[in-house]
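Residue-level listing of the chains:
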Amino acid sequence: MTGSFVTRFAPSPTGLLHLGHAYSALRAFALARDAGGRFLLRFEDIDTGRVRAEYYAAIERDLAWLGITWDDEPLRQSDRFSAYRAALDTLKMQDLVYPCFCTRKEIAAEIAASASAPHGPDGPLYPGTCRLIDPAERAWRIETEAHAWRINMAKASALAGPLFWEDATAGRIEATPEVHGDVVLARKDVPTSYHLAVAVDDAAQGVTAVVRGADLFPATHVHRLLQHLFGLPVPRYHHHRLITDDTGMRLAKRDDALSLAALRKAGMSADRIGTALRADPPDIGGLRPAD
Ligand code: GLU
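Just so we're clear, the structure is a prediction, and the values are computed from it rather than from any experiment. Per chain, residues are indexed from 1 in the order of the written sequence. Owing to the predicted nature of the model, reporting of local features is limited to residues with pLDDT of at least 70; listing and counting of side-chain atom pairs is limited to 80 or more, with chain, interface and lining totals taken over all residues. Computation of side-chain values: all heavy atoms of the structure, hydrogens and water removed.

K.L.:
Whenever I open this one, the overall build of the protein confuses me. Can you help?
P.N.:
Comment: elements are numbered from the N terminus, with helices defined as DSSP H or I runs of at least four residues and strands as E runs of at least two. When its secondary structure is counted, the protein shows ten helices and twelve strands. For the protein, the C-alpha radius of gyration of 20 Å lies close to 19 Å, the compact-globule estimate for 291 residues. If one aligns the C-alpha atoms of the protein with their principal axes, the spans along those axes are about 65 × 45 × 35 Å. For the protein, buried positions account for 49% of its 291 residues. Should any heavy atoms of two residues lie within 4.5 Å, those residues are counted as being in contact. For the protein, restricting intrachain contacts to residue pairs at least 6 apart in sequence, the fraction spanning at least 24 positions comes to 79%. Atoms considered for the radius of gyration are the C-alpha atoms alone. The globule rule reads 2.2 Å times the number of residues to the power 0.38. Throughout this description, buried means an accessible area under 20% of the type-specific maximum (1.4 Å probe, protein chains only), exposed means over 50%, and partly exposed covers the range between.

K.L.:
What is the right way to read the site of the ligand from this model?
P.N.:
One heavy atom within 4 Å of a molecule or strand makes the whole residue count as near it. In the vicinity of the ligand, the residues found are Arg8, Ala10, Pro11, Ser12, Glu44, Tyr194, Arg212 and Leu216. Here a nitrogen atom of the ligand and a side-chain polar atom of Glu44 are 2.7 Å apart. Within the contact set of the ligand, an oxygen atom lies 2.8 Å away from a side-chain nitrogen or oxygen of Arg212. Per-residue accessibility takes into account occlusion by the displayed protein chains alone, with areas from the Shrake-Rupley method and a 1.4 Å probe. Look at the ligand: alone it shows 300 Å² of surface, and the protein chains cover 79% of it. Throughout this description, a polar contact denotes any pair of N or O atoms lying within 3.5 Å of each other; where both atoms belong to protein, one of them has to be capable of donating a hydrogen while the other can accept it, and for residues adjacent in sequence the pair is counted only when both atoms sit in side chains.

K.L.:
So what exactly am I meant to see when it comes to the packing of helix α6 (residues 153-160) against helix α8 (residues 217-230) here?
P.N.:
How two helices sit against one another is set out by the angle between their axes and by the gap between those axes. To obtain each axis, a line is fitted to C-alpha atoms, and for helices this fit is confined to the stretch in contact; angles are then taken between N-to-C directions over 0 to 180 degrees. For the pair α6 and α8, the least separation of the axes is 10 Å and the interaxial angle reads 65°. Judged by the angle between their axes, α6 and α8 are roughly perpendicular. Here the hand of the crossing between α6 and α8 comes out left-handed. In this structure, α6 uses Met153, Ala156, Ser157, Leu159 and Ala160 to contact α8, whose residues at the interface are Leu225, His228 and Leu229. All residues other than Ala, Val, Leu, Ile, Met, Phe, Trp, Tyr, Cys, Pro, Asp, Glu, Lys and Arg, Gly among them, are scored as polar; the first ten of these are nonpolar and the last four charged. Residues of the contact of α6 with α8, tallied by class, amount to six nonpolar, two polar and no charged. The labels follow the angle: roughly parallel below 35 degrees, roughly antiparallel above 145, roughly perpendicular from 65 to 115, and oblique for the rest. Should the near helix be turned anticlockwise from the far one by less than a right angle, the crossing is termed left-handed; should it be turned clockwise, right-handed.

K.L.:
Mind showing me how you'd approach the pairing of strand β11 (residues 209-213) here?
P.N.:
Put simply, side chains in a regular strand alternate between the two faces of the sheet. Where burial is concerned, most of β11 is hidden: five out of the five residues are buried. Handedness of a crossover: with both strands directed away from the viewer, a clockwise path from the first strand across the helix to the second marks it as right-handed. You can see the chain leave β11, run along α8 and come back into strand β12 (residues 236-240), and the turn it takes is right-handed.

K.L.:
For this particular structure, what's the right way to read the sheet that holds strand β4 (residues 97-100)?
P.N.:
Hydrogen bonds between backbone groups are what pair the strands of a sheet, and the pairing can be parallel or antiparallel. Two strands are counted as paired when DSSP detects at least two bridges linking them. Taken in spatial order, the three strands of this open sheet run β4-β7-β10, and their pairing is antiparallel. Two strands lie at the open edges of the sheet, namely β4 and β10 (184-186), each paired on one side alone. For this sheet the average axis-to-axis angle between neighbouring strands, irrespective of direction, equals 45°. Summarising the sheet, β4 and strand β7 (residues 148-151) pair through four bridges and their orientation is antiparallel.

K.L.:
Sorry if this is basic, but what is going on with the packing of helix α7 (residues 194-204) against α8 here?
P.N.:
Running from N to C, α7 and α8 point in directions that differ by 55°, and their axes come no closer than 9 Å. As summarised for this structure, α7 and α8 are arranged oblique, according to the angle between their axes. In this structure, α7 meets α8 at a crossing whose hand is right-handed. Two secondary-structure elements touch here, α7 through Tyr194, His195, Leu196, Val198, Ala199 and Val200 and α8 through Ala219, Val222, His223, Leu226 and Phe230.

K.L.:
Just checking my understanding: could you explain the layout of surface pockets for this structure?
P.N.:
Leftover empty space is mapped by rolling, across the atoms, a probe with the size of a water molecule. The space that makes up the second largest pocket amounts to roughly 300 Å³. Any residue with an atom within 4 Å of a point lines the site, the site being either a cavity, points on a 1 Å grid over the protein atoms alone where a 1.4 Å probe fits but cannot get out, or a pocket, an open set with protein on both sides within 12 Å along at least 5 of 7 lines. Every residue lining the second largest pocket is counted, 16 residues in all, and those nearest its centre are Leu26, Arg27, Gly274, Leu277 and Arg278. Elements represented by at least two residues in the lining of the second largest pocket include exactly α1 (19-34) and α10 (270-278). Broken down by element, the residue count for the lining of the second largest pocket peaks at six residues, all from α1. Grid points are joined across faces, edges and corners, and a volume is the space filled by probe spheres set on the points.

Function cannot be read off these values alone, since they describe shape.
As structure tokens, this is what we get:
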């Protein structure tokens, strides 16, 4: 019998999995197993320019090697663009998003020229240039110019009012999405963004518990707002510690020495990795292969 607990692991097939991914996937998998629930796999592959076909299979191979099995066919976000367009349309109808024609260069120049550019968790906030374009100009530019869609954050968060989520480590958190400013919900090149796709898909997959790294804690403020605006259920969140290397730096995809594929090739067993990652705190010191 499966319980009502549903979690997911959501890697981007833009590189090999490393020990940080393994930690996240093993935690999510253990929570699902302990709860008699379900563990789903989702490929976050909206970044079509960076995705490489070979990484889908490499990720599945690495997870299987760790002893992780998933329920259902993995979901690919690249198959879900129509669902994201439909979600964005609901915000267009409420006038909660606006087209943004700015290039990165223009945004950077505007920020540099401003005496006190406000900052959010990911750096300087979008200065709101395109929010102020009048409707007639917007209507003709939209026909001819590439544009992203940004949320009118002040309007959307005022409309939503106070919002909260339950975090397994941090407790009840009040969402403050406004600190992110007018984030992009649909990019110029793809009809979604990380934030929109995650909010829509966690609900579409029936996810009740989101297990992911503490680096994504700030993003949850935006996801909570989107859940409200789309009328979606709110999962519980488990933001876990990040695995760092011996210099205290968090692991990145470029850190190939600690990719699961490299460790496997170097003769490391999946059991040993599991034991090191389950230690509290995780002890990856002995896992780096000798040069
Ligand atoms: N795709 C994200 C990553 O690989 C994870 C997103 C999430 O868990 O919400 O870091």
